[in-house]
Amino acid sequence: MSFQTASDQARSRHGWVQALATVLTGLIAMLVVSALGLWAAGAADLPDGAFPRVVAATVVTAVGGSVHLAGSAGAVAETRAGLTVMPLSVTLTGALVVAAGFLRPLRHRAVAGTVELAGWAGRIAVLWLLALAALALSARRTFAVSLGEGTLSDIGDLFGASSPRVGFEADVPVTLAFGLLWLAGVLVLALLVSPKAPLPPRLLRFQESVRPAAYAMVVLLLACVVLGAVIALVVAVTRGQAAQTLAVVLLGLPNLVWPVFTIGLGATWDGRVEGPFGLPMPKVLDSVLRTPDLSTLNLSTLSEQDGRVWWLVAVDAVLLPAVAFLMASRSPARVRAWRHALHMAVALALTVLAVCLLGRIDAHYGLSLFGIGDLGGGLSGELFLRPRLWGALGLALLWGLATGFVGTLLASRTRHHGELENPRA
């Protein structure tokens, strides 16, 4: 008769079957959110049964994959298109589900060996790459673009550009590479954030400084999303346009609320909206960006359109001390205030860096003859949104230092000096 220890039973619960369940639930959740968001945006009416292909392409981009846009328009005409954007609602959904599946077999344990964690993550990674490859191979389709009637159509007929086509196709190798990096980031962040996740013995000494800060930043980002969802719900109920609001929430709510959070810190974004493109943002933001030249998006320019924008500063001034208090309350009482402030500053700067990198948008489309100019007629446009990175990071450091001190002072009133946080609490 053989007996299994508790440790052996814990290890047996995260084999290939559990890895497959983690991968499938993550991808299914992302596919469902993408499908609902695209349906709300009207993509279900795309011709030739293209809707499932567009859903697959959306999930591919949500994990950092690459989808090429290309087209043809006859012998002397060409279509030009490009798109760089991550649907962060889909990204966030997948990250939360995959992280939960990764951590579930590891709960209720204080320590886990490096080999064990690597093996568990490796099983998930292998199945993730296989599923992502299948998804990327299905993410391709070509559409015909109508030039309409009148002069534009006549010019197109004359030069053999009467039936321009534009399509998309996932770059499988790039998608697999960045999809694997995305997965690695999610699994590492899950270990850093969860207070119940076991760490290898050599890394235990870092949990006092890293884990509370990482947890606080995740709470901050999720709080921004929750606030944005509540506001979106109120807008949908009071002003209508429920389908459009639902599409924004399910596809790109973090694309809106996270850059707006940095604007509340004082950061500046540069951008432009031209042609049929639009941003999933309130009219005040779109009106600032829809100008002939490069536009600046910050508290000053937005307040010229709507003075209520200054409330963003007040919201940040409440959120940041709150998460700084959370960070300090989850740290050992012996940690000094200046160290808490430093941890908060570094964590907030890294968070703002991630927002600036993930929140960038770049899209353009045009139909030209002989490689010169656009035919226009509503068939060309440009949209981009880019942060002024160094200024945003500097402001994040300042806000982090100030709110870190405030949060530490608040936390010192709720515990006894020398009291240690229970890491499994």
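Calculation rules
Residues numbered from 1 in each chain as written. Predicted model: local features only at pLDDT ≥ 70, side-chain atom pairs only at ≥ 80, totals over all residues. Heavy atoms only, no water. Helix = DSSP H or I, 4+ residues; strand = E, 2+ residues; numbered from the N terminus. Buried < 20%, exposed > 50% of the residue type's maximum accessible area, 1.4 Å probe, protein only. Contact = heavy atoms within 4.5 Å. Areas by Shrake-Rupley, 256 points an atom, 1.4 Å probe, with all protein chains shown as cover. Axes fitted to C-alpha atoms, helices over the stretch in contact; angles between N-to-C directions. Parallel < 35°, antiparallel > 145°, perpendicular 65-115°, else oblique. Left-handed = near helix turned anticlockwise from the far one by under 90°. Nonpolar A, V, L, I, M, F, W, Y, C, P; charged D, E, K, R; others polar. Patch = residues over 30% accessible without salt bridge, like charges linked within 9 Å, V, L, I, M, F, W, Y side chains within 5 Å. Salt bridge = Lys/Arg side-chain N within 4 Å of Asp/Glu carboxyl O. pLDDT = per-residue confidence, 0-100. Phe/Tyr/Trp six-rings, centres within 6.5 Å; stacked < 30°, edge-to-face > 60°. Lys NZ or Arg CZ within 6 Å of the ring centre and 35° of its normal. Core = buried A, V, L, I, M, F, W, Y, C linked by side-chain atoms within 4.5 Å. Polar contact = N/O pair within 3.5 Å; in protein donor to acceptor, adjacent residues only side chain to side chain.

## A few points about the overall build of the protein
And step 1. The number of helices and strands found in the protein is 14 helices and 8 strands.
And step 2. Expressed as a percentage of the 425 residues in the protein, the buried residues total 47%.
And step 3. Taking the contacts inside the protein whose residues are at least 6 apart along the sequence as the reference set, 78% of them involve residues at least 24 apart.
And step 4. A total accessible area of about 21,000 Å² is found for the protein, and carbon and sulfur atoms account for 66% of it.

## A short note on the environment of Val260
And step 1. Inspection of the secondary structure puts Val260 in helix H9 (residues 242-265).
And step 2. Residues Val260 and Leu312, spaced 52 residues apart in sequence, show a C-alpha to C-alpha distance of 7.8 Å.

## A look at the packing of helix H8 (residues 207-239) against helix H13 (residues 337-358)
And step 1. The interhelical angle for the contact between H8 and H13, taken along N-to-C directions, is 45 degrees, at an axis separation of 10 Å. Taken together, the axes of H8 and H13 lie oblique to each other. You can see that H8 and H13 cross each other, and the crossing is right-handed. Contact residues: Ser209, Ala213, Met217, Leu220 and Leu221 in H8; His343, Met344, Ala347, Leu348, Thr351 and Val355 in H13.
And step 2. Looking at the contact of H8 with H13 residue by residue, the class counts come to 8 nonpolar, 3 polar and no charged.

## A short note on a nonpolar patch on the surface
And step 1. Residues Leu20, Leu24, Ile28, Val32, Leu36, Trp39 and Leu246 make up a contiguous nonpolar surface patch of about 640 Å² in total accessible area.
And step 2. Residue contributions to the nonpolar patch peak at 6 residues, all from helix H2 (residues 16-40).
And step 3. Here Ile28 lies in helix H2.

## Quick notes on the packing of helix H7 (residues 172-193) against H8
And step 1. Orientation of H7 relative to H8, taken along the N-to-C sense of each, is 110 degrees, at an axis distance of 8 Å. Put simply, H7 runs roughly perpendicular to H8. Between H7, through Leu189, Leu191, Leu192 and Val193, and H8, the contact on the second element is made entirely by Val210, Arg211, Ala214, Tyr215 and Val218.

## Digging into the pattern of salt bridges
And step 1. In the structure shown here, the tally under the stated rule is 4 salt bridges.
And step 2. In this structure, Asp270 engages Arg388 in a salt bridge whose closest nitrogen and oxygen atoms are separated by 3.1 Å. With a gap of 118 residues between them, Asp270 in strand E5 (residues 269-274) and Arg388 in the loop between strand E8 (381-387) and helix H14 (389-412) connect regions that are remote in the sequence.
And step 3. For Asp270, a relative accessible area of 15% corresponds to the buried category.
And step 4. Salt-bridge contacts for Arg386 lead to Asp362; the nearest nitrogen and oxygen are separated by 3.3 Å. Of this pair, Arg386 sits in strand E8 while Asp362 sits in strand E7 (residues 361-369), and the two are 24 residues apart along the sequence.

## Details of the confidence of the model for the protein
A low pLDDT means the predicted coordinates there should not be read in detail.
And step 1. When pLDDT is averaged along the protein, the result is 81; 78% of the residues meet or exceed 70.
And step 2. Confidence drops under a pLDDT of 50 for residues 73-78, and excluding neighbours within four residues, the segment shows 19 contacts in the predicted structure.
And step 3. Taken as a whole, residues 367-379 scores under 50 in pLDDT and shows 38 contacts with residues more than four places along the chain or in a different chain.

## Comments concerning the packing of aromatic side chains
And step 1. Evaluated as defined, the whole model comprises 2 aromatic pairs.
And step 2. Ring centres of Phe102 and Trp120 lie 6.3 Å apart, and the angle between their planes is 5 degrees; this geometry places the pair in the stacked category. Taken as a pair, Phe102 in helix H4 (residues 88-103) and Trp120 in helix H5 (residues 114-138) lie far apart in primary sequence, 18 residues in all.
And step 3. Of the residues examined, Trp120 reaches a relative accessible area of 0% and is grouped as buried.
And step 4. When the centroid spacing of 5.3 Å and the interplanar angle of 15 degrees are considered together, the rings of Trp128 and Trp182 count as stacked. On the criterion of sequence distance, the pair formed by Trp128 in helix H5 and Trp182 in helix H7 is long-range, its members being 54 residues apart.
And step 5. Over the ring of Tyr215 we find Arg330, and its NZ or CZ is 4.0 Å from the ring centre.

## With respect to the nonpolar core
And step 1. Counting 48 residues, the largest nonpolar core has Phe102, Trp128 and Leu183 as its most contacted members.
And step 2. Ranked by residues supplied to this core, first place goes to H5 with 9 residues.
And step 3. When sequence neighbours within four positions are dropped, the list of residues in contact with Phe102 reads Thr22, Trp120, Ala121, Ile124, Leu187, Ala190 and Leu191.
And step 4. In this structure, Leu88, Val260, Leu302 and Val355 belong to the second largest nonpolar core, which totals 47 residues.

## Remarks on the environment of Val55
And step 1. Locating Val55 in the fold gives a position in helix H3 (residues 51-62).
And step 2. Taking relative accessible area as the criterion, Val55 reaches 7% and is therefore assigned buried.
And step 3. Ignoring sequence-local partners within four residues, the contact set of Val55 consists of Leu31, Ser34, Ala35 and Leu38.

## Examining the side chain of Thr262
And step 1. With respect to the helices and strands, the residue Thr262 is situated in helix H9.
And step 2. By relative accessible area, which is 0% here, Thr262 ends up buried.
And step 3. One polar contact links Thr262 to Trp269, side chain to side chain, over a distance of 2.9 Å.
And step 4. Excluding its chain neighbours within four sequence positions, the residues that come into contact with Thr262 are Ala267, Trp269, Val352 and Val355.

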